[in-house]
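Notes for the structure review
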Amino acid sequence: MTPKLELHLHLEGAAPPRFIASLAKEKHIDIAGIFAPDGSYRFSGFAEFVKIYEAACTTLTRPEDYQRLTRAVLEDQAQHGVIYTEIFLSPDFCGGRDRGAWREYLQAVREEAAALEREVGITMKAIATCIRHFGPDKARQTARCAAETAGDFLVGFGIAGVETMGKLKDFRWSFDAAREAGLKPTVHAGEWAGPSEVRDALRDLGAQRIGHGVRAIEDLALVDELAERGTVLECCPGSNVALGIYPSFRKHPIGELYHRGVKVTVSTDDPPFFHTNLTREYEMLHEAFDWDEGVFATLNRTALDAAFCDTDTKDKIAKRLEAAHV
Ligand code: MCF
Ligand code: ZN
């Protein structure tokens, strides 16, 4: 199987619905409304997605819940050939932005990730993420949690959530604090809003990578700029199609962005919500654009170059990629 890197995956968003349903039952939390009769997550459109995502998070109340979740998610990724993954985690959901609690959650995730690295050979790093629709004040608390725990496991700082709310420049303090602590910045932009959000992410927050970024395609001068700067887009085509931004993989701009020299990578975002996994994403891209192993090897190499981890980890992953392509 092609070894794969994944740079854009929300930990709670990767929780299988059965996992969340069983925690809800255990804790007598009534979230039955978030499930369809067949047991999958039920939502229609982005606003409802955000609502049920956050409802699912109410079942994750202890570090050990995140520990179990980490195991479930990494085991699943390893099944799809993922050897390196960066996962979004938020102090907002892990202990309600309390710095002591956040440390405990992060430690639980980190220990389980280390166990999985030994057991199935997948390397995980974490990106602390603030939530745009919670506003800049809460983001500052999130950034303080993140800055205190920056290191070889927590390597990045990001922002996700409702892109049409607020202005990115209002989150500058948080991104500056995170950057000073050594965390590398990635910004969800150009998904629900147009190219101007991508420009803001670069200018106001100094984003090294853009989460999604696909709507940059609506401004070809920006596309050229992204290509020249070498900014990496964390594209999640299946997510965009499932949420209705594009009608199909064939109509997704990842093909044209790649063709125009933009550095693109492929991730699943929130796989059980979008009925996808990385194997399916590759298959759909093969069908839509005739991408072959050579293109996928390029995308994985791009992901490795753009990874936020230390150089020793990069060297180790590079060797595994090379071994697969001789
Ligand atoms: O990338 C997708 C869609 N665009 C924006 N935000 C999210 C996506 N998946 C999860 N999120 C948000 C989610 O609503 O990320 C936050 C939640 O607020 C969690 S980050 C650990
Ligand atoms: Zn995302």
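Structure shown above.
1. What to know about unusual backbone geometry
Phi is positive for D269, which is not a glycine, with a value near 70 degrees. Residue placement: D269 occurs in the loop between β8 (263-266) and α11 (278-289). The exposure class assigned to D269 is buried, which follows from its relative accessible area of 3%. Despite not being glycine, H275 shows a phi value in the positive range, around 50 degrees. Tracing the backbone shows H275 in the loop between β8 and α11.

2. Some points on the coordination of the zinc ion (ligand 2)
Coordination of the zinc ion (ligand 2) by the protein involves H8 (NE2), H10 (NE2), H188 (NE2) and D269 (OD), with metal-donor separations of 2.1 to 2.3 Å. The motif formed by the donor residues of the zinc ion (ligand 2), counted along the single chain, is H-x1-H-x177-H-x80-D. On the basis of relative accessible area, H8 is assigned to the buried category, the value being 0%. Of the residues examined, H10 reaches a relative accessible area of 10% and is grouped as buried.

3. Regarding the site of ligand 1
The full set close to ligand 1 counts 22 residues, and H188, E191, H212, D269 and D270 are the nearest of them. Take E54: an N or O atom from its side chain is 3.5 Å from an oxygen atom of ligand 1. The separation between a nitrogen atom of ligand 1 and a polar main-chain atom of G161 is 3.1 Å. At the level of elements, β1 (4-10), α2 (46-57), β2 (82-89) and β3 (123-131) are the ones that each hand at least two residues to the shell around ligand 1. Top element by residues in the shell around ligand 1 is α2. It accounts for five residues. Looking at side-chain class alone, the shell around ligand 1 contains nine nonpolar, eight polar and five charged residues.

4. Re the nonpolar core
Core analysis: the largest hydrophobic core is formed by 93 residues, its most contacted members being I20, Y41, F49, Y66, L89, F157 and V187. At eight residues, α2 tops the list of elements feeding residues into this core. Apart from the residues lying within four places of it in its own chain, the contact partners of Y41 are A15, P16, P17, I20, I34, F35, A36, I52, P272 and F273. Grouped together as the second largest cluster of nonpolar side chains are 13 residues, L7, A307, I317 and A318 included.

5. Section: the packing of helix α3 (residues 63-79) against helix α4 (residues 99-120)
Helix packing geometry: the angle between the two helix axes and the distance between the axes. With their axes 8 Å apart at the nearest point, α3 and α4 run at an angle of 30 degrees to one another. Classified by the interaxial angle, the pair formed by α3 and α4 is roughly parallel. Between α3 and α4 lies a crossing of right-handed hand. In contact with P63, Y66, Q67, T70, R71, L74, E75 and A78 of α3, α4 contributes E104, Y105, A108, V109, E112, A113, A115, L116, E119 and V120.

6. A look at helix α12 (residues 293-306)
Helix length check: α12 (14 residues) gives 20 Å between terminal C-alpha atoms against 20 Å at 1.5 Å per residue, within 8%. Among the residues making up α12, those that are buried are V295, F296, L299, N300, T302, A303, L304 and A306.

7. Digging into the side chain of H8
Along the chain, the position of H8 falls in strand β1. Of the polar contacts made by the side chain of H8, one reaches the side chain of H10; its length is 3.4 Å. Here D269 takes part through its side chain, which lies 2.9 Å from a polar atom of the side chain of H8. When sequence neighbours within four positions are dropped, the list of residues in contact with H8 reads E86, F88, H188, G211, H212, E234, C236, S267, T268 and D269.

The rules behind the values
- Residues numbered from 1 in each chain as written.
- Chains lettered and ligands numbered in written order.
- Predicted model: local features only at pLDDT ≥ 70, side-chain atom pairs only at ≥ 80, totals over all residues.
- Heavy atoms only, no water.
- Helix = DSSP H or I, 4+ residues; strand = E, 2+ residues; numbered from the N terminus.
- Buried < 20%, exposed > 50% of the residue type's maximum accessible area, 1.4 Å probe, protein only.
- Donors = N, O, S within 2.8 Å, 3.2 Å for Na, K, Ca; no water.
- Near = heavy atom within 4 Å.
- Polar contact = N/O pair within 3.5 Å; in protein donor to acceptor, adjacent residues only side chain to side chain.
- Nonpolar A, V, L, I, M, F, W, Y, C, P; charged D, E, K, R; others polar.
- Core = buried A, V, L, I, M, F, W, Y, C linked by side-chain atoms within 4.5 Å.
- Contact = heavy atoms within 4.5 Å.
- Axes fitted to C-alpha atoms, helices over the stretch in contact; angles between N-to-C directions.
- Parallel < 35°, antiparallel > 145°, perpendicular 65-115°, else oblique.
- Left-handed = near helix turned anticlockwise from the far one by under 90°.
- Expected span 1.5 Å × (residues − 1).

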